[in-house]
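Spelled out from the first residue to the last, the chains are:
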Amino acid sequence: MWSGRSSFTSLVVGVFVVYVAHTCWVMYGIVYTRPCAGGGSCIRPYLARRPKLQLSVYTATRSSLGAENNVDLVLNVEDFDVESKFERTVNVSVPKKTRNNGTLYAYIFLHHAGVLPWHDGKQVHLQLEAEEKPPSALDEPVSHWRPRLTLNVMVEDFVFDGASLPADVHRYMKMIQLGKTVHYLPILFIDQLSNRVKDLMVINRSSTELPLTVAYDKISLGRLRFWIHMQDAVYSLQQFGFSEKDADEVKGIFVDTNLYFLALTFFVAAFHLLFDFLAFKNDISFWKKKKSMIGMSTKAVLWRCFSTVVIFLFLLDEQTSLLVLIPAGIGAAIELWKVKKALKMTVLWRGLRPRFQFGTYSESERKTEEYDTQAMKYLSYLLYPLCVGGAIYSLLNVKYKSWYSWLINSFVNGVYAFGFLFMLPQLFVNYKMKSVAHLPWKAFTYKAFNTFIDDVFAFIITMPTSHRLACFRDDVVFLVYLYQRWLYPVDKSRVNEFGESYEEKPSQKAHAE
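Keep in mind the model is a prediction, meaning the values are calculated, not measured. (Residues numbered from 1 in each chain as written. Predicted model: local features only at pLDDT ≥ 70, side-chain atom pairs only at ≥ 80, totals over all residues. Heavy atoms only, no water.)

Caption draft 1: Up close: the overall build of the protein chain. Per the secondary structure count, the protein chain includes 14 helices and 16 strands. Expressed as a percentage of the 513 residues in the protein chain, the buried residues total 40%. Restricting to contacts in the protein chain with at least 6 residues of sequence separation, those with at least 24 account for 75%. (Helix = DSSP H or I, 4+ residues; strand = E, 2+ residues; numbered from the N terminus. Buried < 20%, exposed > 50% of the residue type's maximum accessible area, 1.4 Å probe, protein only. Contact = heavy atoms within 4.5 Å.)

Caption draft 2: Quick look at the packing of aromatic side chains. For the coordinates displayed, the defined rule picks out 16 aromatic pairs. Relative to Trp-118, the ring of Tyr-58 lies with its centre 5.3 Å away and its plane at 50°, an arrangement referred to as tilted. One end of the pair, Tyr-58, is in strand E2 (residues 53-60); the other, Trp-118, is in the loop between strand E5 (105-112) and strand E6 (124-129), and 60 residues separate them in sequence. Measuring from ring centre to ring centre gives 5.9 Å for Phe-226 and Trp-227, while their planes differ by 40°; the resulting arrangement is tilted. Relative accessible area serves as the criterion here: at 5%, Trp-227 is assigned to the buried category. Positioned above the aromatic ring of Phe-86 is the side chain of Arg-88, whose terminal nitrogen or guanidinium carbon lies 5.2 Å from the ring centre. (Phe/Tyr/Trp six-rings, centres within 6.5 Å; stacked < 30°, edge-to-face > 60°. Lys NZ or Arg CZ within 6 Å of the ring centre and 35° of its normal.)

Caption draft 3: The arrangement of the state of the cysteines in detail. Counted by the stated rule, this structure contains 1 disulfide. Disulfide pairing is shown between Cys-36 and Cys-42; the S-S distance is 1.9 Å. The S-S bond linking Cys-36 to Cys-42 shows a torsion near -75°; that makes this disulfide left-handed. A relative accessible area of 15% means that Cys-36 is categorised as buried. On the basis of relative accessibility, which here comes to 6%, the residue Cys-42 falls in the buried class. (Disulfide = S-S within 2.5 Å.)

Caption draft 4: Representation of unusual backbone geometry in the model. Backbone geometry places Arg-50, a non-glycine residue, at a positive phi of 55°. Within the secondary structure, Arg-50 is located in the loop between strand E1 (42-45) and E2. Taking relative accessible area as the criterion, Arg-50 reaches 59% and is therefore assigned exposed. Of note in the backbone geometry, Lys-434 takes a positive phi value of approximately 55° without being a glycine. Looking at the secondary structure, you find Lys-434 in the loop between helix H11 (424-433) and helix H12 (441-460). By relative accessible area, Lys-434 is classed as partly exposed at 47%.

Caption draft 5: Examining a nonpolar patch on the surface more closely. Nonpolar side chains collect at one region of the surface, where Phe-8, Leu-11, Val-15 and Phe-277 lie side by side and expose about 370 Å² of accessible area between them. A total of 3 residues in the nonpolar patch trace back to one element, the largest contributor, which is helix H1 (residues 4-31). Considering the arrangement of structural elements, one finds Val-15 in helix H1. (Patch = residues over 30% accessible without salt bridge, like charges linked within 9 Å, V, L, I, M, F, W, Y side chains within 5 Å. Areas by Shrake-Rupley, 256 points an atom, 1.4 Å probe, with all protein chains shown as cover. Salt bridge = Lys/Arg side-chain N within 4 Å of Asp/Glu carboxyl O.)

Caption draft 6: Representation of the sheet that holds E2 in the model. Across the sheet, 4 strands lie side by side as E3-E2-E5-E6; this open sheet has antiparallel pairing. Across the chains shown, the open sheet's two edge strands, defined by having one partner strand only, are strand E3 (72-80) and E6. Strand-to-strand twist across the sheet, computed as the mean angle between neighbouring axes with direction ignored, equals 15°. Pairing analysis gives 6 bridges linking E5 to E6, with the strands arranged antiparallel. Counterpart to Tyr-105 in the pairing with E6 is Glu-129. (Pairing = 2+ DSSP bridges. Axes fitted to C-alpha atoms, helices over the stretch in contact; angles between N-to-C directions.)

Caption draft 7: Examining the pairing of strand E12 (residues 187-190) more closely. Residue alternation in E12 divides its side chains into two sets, Ile-187 and Phe-189 and Leu-188 and Ile-190, and both sets are buried. Here strand E8 (residues 148-154) runs beside E12; their pairing, made up of 4 bridges, is antiparallel. Bridge assignment links Val-153 to a residue of E12, and that residue is Leu-188.

What follows is the structure, encoded as structure tokens:
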């Protein structure tokens, strides 16, 4: 019979496997659409009749089109070929109303050549609204210009089954009856994911004209459905309270990454999340039952706490996305808890004033502390000059908005550059004690898996050489840990410092049988 701990871990892994399998099934359902097998419910593409089409882009200050004289024609593509991509830049007149923090709307029409769009019953059109910058504590709302408009038309001669029409595509479809057959008009799509905040231009009151680049490319049905789902996901994030910056970062993941690499990234990130959870779980479980610091480097624990808190404060100062900030905050809280356990600290409250009480160390623990202090003494000869030199260099060569930003940046640069050195005292303690039985090997293993994953992506993604070397230095230390484990094998029949044995107890074996 499984123990409660094993059952919980198995449950988490099982949920993870089900989640990945469900995600794969959903992605398959998006990429693959079952065509119509025949019968009266089939909806055929109007593009298969090879009509002569024209693309027209208009601008207007109103959200609804009225008479023809309320719009301005900015781009007209006659003999529009849906198979040929193009990119054209035009100058667009900016009305006075728009320059005074108003909104300018773009209307994209796909209609028959030689016929005005509002006189064509078979035209399709979409509307794009210029975004307005949200007001901050000091700034007033300012209208921003989208300098790029990306259009797509689904060109596959795909026959849909009207009885099982995908809901995501359905809202982009306009159908007409031609004889006894139902046809769907060309599916026009505006790529909103490519609209990034960094590309927006402030509309000045003196700007009477602004450039607009209209880019067109054909799109497959599978990619169209995937893109629709991704745009809906970004919209949902904003509805749930995520900031525009967070949503823009998610957009960048989809726009700046190849779809195949994006799928690989999803699976790697999923396993990364699983290993993170298992590492945290085993680390917490290890420290929760730990009563003695024999063989453990207290200074290494203090350093991990310091470095994790510094990185969290750095991310907070940089106003990093909540997607990154929240996990960093959780990790910092766990490291603070581990310091409390390592120092045997007890907090006693007298009213609103806390009083800290520290436990006593045994003779074996004091021996470990001597080794730890000796290791830090040797390490300080190298570490202190490097950290002080780095702080002075950053003060003289980089401008910071405040002394707090300089302090945090100096600390975080030291953490990233020399943080791996603080793993060395634990290696020294292991060497002196000729034992590694006191280390949380399960948590180490899961963390190592994540490090290896990061290393692979450091080579796949274009990164500076210094960053790639930084990714691999933790691996070197972990390999030394593995060498020490081989050098100092653990006797599983021996009772450890907790009075426990690695072998299963007879009562547990009988219960399992």
